[in-house]
Amino acid sequence: LMLANDMLHTLYAGNCVTIAEDVSGMPTLARPVSEGGVGFDYRLQMAIADKWVEVLSEWGMDDAWDMGNLVHTLENRRWGEKCIS
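Residues numbered from 1 in each chain as written. Predicted model: local features only at pLDDT ≥ 70, side-chain atom pairs only at ≥ 80, totals over all residues. Heavy atoms only, no water.

*Asks:* How should I be thinking about the packing of helix H2 (residues 46-58) against helix H3 (residues 67-75) in this particular structure?
*Replies:* How two helices sit against one another is set out by the angle between their axes and by the gap between those axes. Between H2 and H3, whose axes approach to 9 Å, the crossing angle comes to 160°. One way to sum up the angle between H2 and H3 is to call them roughly antiparallel. Viewed along their axes, H2 and H3 form a crossing whose handedness is left-handed. In this structure, H2 uses Ala47, Ile48, Lys51, Trp52 and Val55 to contact H3, whose residues at the interface are Asn69, Leu70, Thr73 and Leu74. (Axes fitted to C-alpha atoms, helices over the stretch in contact; angles between N-to-C directions. Helix = DSSP H or I, 4+ residues; strand = E, 2+ residues; numbered from the N terminus. Parallel < 35°, antiparallel > 145°, perpendicular 65-115°, else oblique. Left-handed = near helix turned anticlockwise from the far one by under 90°. Contact = heavy atoms within 4.5 Å.)

*Asks:* Please explain the packing of aromatic side chains as it appears in this structure.
*Replies:* The geometry of an aromatic ring pair is captured by the separation of the ring centres together with the interplanar angle, meaning the angle of the planes. The tally for this structure, following the rule as stated, stands at 2 aromatic pairs. Taking 6.2 Å as the distance between ring centres and 65° as the angle between the ring planes, the aromatic pair formed by Trp52 and Trp65 counts as edge-to-face. Here Trp52 is found in helix H2, whereas its partner Trp65 is found in the loop between H2 and H3, with 13 residues between them in sequence. Plain terms: the ring middles of Trp59 and Trp65 are 6.5 Å apart, the flat faces sit at 70° to each other, and that makes the pair edge-to-face. (Phe/Tyr/Trp six-rings, centres within 6.5 Å; stacked < 30°, edge-to-face > 60°.)

*Asks:* What's the story with the sheet that holds strand E2 (residues 42-45) in this structure? I'm lost.
*Replies:* Adjacent strands of a sheet pair through backbone hydrogen bonds, lying either parallel or antiparallel. Spatial strand order, E1-E2-E3: 3 strands in an open sheet with parallel pairing. In this open sheet, the two strands that pair with only one neighbour each are strand E1 (19-22) and strand E3 (83-84). Sitting on the sheet, H2 is in contact with E1 and E2, with an inclination near 10° to E2. (Pairing = 2+ DSSP bridges.)

Right, dumping it as structure tokens:
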């Protein structure tokens, strides 16, 4: 994937965007190849979508929601990695 991203960004500089769907939390997935990353432009953050499914199906009435858990999921990002939520 690193080679494919590097090739795409070299051949189509500024004209392509790559997005990685990641559930493993792999570090450096959305960091440039020049920094030792895999080279994707964005990481698709599945944790937020999964959290909303959990909240709506398991947590019950909104006055009983664990707001600390919810806020932690919404703010939990790697510094410097661009993501789509």
